[in-house]
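If you want the building blocks of each chain, they are given just below.
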Amino acid sequence: SGRMKLGSDPNIGVFDFGETKGDLGGYILCWCQASFRPCLSPTDFGFHVGSLTITSPQFVWPACTDKEQTFAGWRVWENFDDCCCNYAAAGAVGCLNEKSVAFAKCSVLPA
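All of these numbers come straight from a predicted model, not from anything done at the bench. (Residues numbered from 1 in each chain as written. Predicted model: local features only at pLDDT ≥ 70, side-chain atom pairs only at ≥ 80, totals over all residues. Heavy atoms only, no water.)

### Considering the overall build of the protein
Note the following rule: To qualify as a helix, a DSSP run of H or I must reach at least 4 residues; to qualify as a strand, a run of E must reach at least 2; elements of each kind are numbered from the N terminus. Only C-alpha atoms enter the radius of gyration, while the globule expectation follows 2.2 Å times N to the 0.38, with N the number of residues. Residue burial is assigned from relative accessible area. The probe radius is 1.4 Å, only protein chains are included, and a residue is buried under 20% of its type maximum, exposed over 50%, and partly exposed in between. The contact rule is simple, with two residues in contact once any of their heavy atoms fall within 4.5 Å.
Per the secondary structure count, the protein includes two helices and four strands. Secondary structure of the protein in N-to-C order comes out as β-β-β-β-α-α. Taken against the 2.2 N^0.38 rule, which gives 13 Å for 111 residues, the C-alpha radius of gyration of the protein at 20 Å runs more than 25% over that of a compact globule. Projected onto its principal axes, the C-alpha positions of the protein cover 60 × 30 × 20 Å. Every one of the 111 residues in the protein was classed for burial, and the buried ones make up 18%. Intrachain contacts of the protein at a sequence separation of at least 6 include 28% that bridge at least 24 residues.

Given below as structure tokens:
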């Protein structure tokens, strides 16, 4: 991870964790000032920053087709997976056909 930086609000610190992986669940987020000590043991991390919860993404294409879905209406899509899963819940061929209108619509969204 990178060093803590101040955001636009000087009272809020921002950490860049880069790509981080972890098991699903809740965690306590602590910090250690590495310029003062090596930060090698858990006891070095004595500053409580907050909590962190890792959850499964709600819509992952094509995994969302493996479970039964109830179509609750059309959503405002955030990304490609969300769009394709919404079409799948509606019972449409959608993203299974890469030449479909649905695939073309979903493809313009972020990955």
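So that's the structure; there's more coming.
### A word on the packing of aromatic side chains
Just so we agree on the cut-off: Ring pairs are drawn from Phe, Tyr and Trp, using the six-membered ring of Trp, whenever the two centres fall within 6.5 Å, and their geometry is named by plane angle: stacked under 30 degrees, edge-to-face over 60, tilted for the rest.
Using the criterion set out here, one finds six aromatic pairs in the structure. With a centroid separation of 5.8 Å and an interplanar angle of 75 degrees, the aromatic rings of tryptophan 31 and phenylalanine 47 are classed as edge-to-face. Here the residue tryptophan 31 occupies a position in strand β3 (residues 25-31), and phenylalanine 47 occupies one in strand β4 (residues 47-54), the gap between them amounting to 16 residues. Residue phenylalanine 47 is classed as exposed on the basis of its relative accessible area of 51%. Considering the side-chain rings of phenylalanine 80 and phenylalanine 103, the 5.7 Å spacing of their centres and the 85 degrees angle between planes classify their relative orientation as edge-to-face. You can see phenylalanine 80 sitting in helix α1 (residues 80-89) and its partner phenylalanine 103 sitting in helix α2 (residues 101-107), a full 23 residues away along the chain. The burial state of phenylalanine 80 is the same as that of phenylalanine 103; both residues are buried. Following the ring pairs from residue to residue traces out a cluster consisting of Phe71, Trp74, Trp77 and Tyr87.

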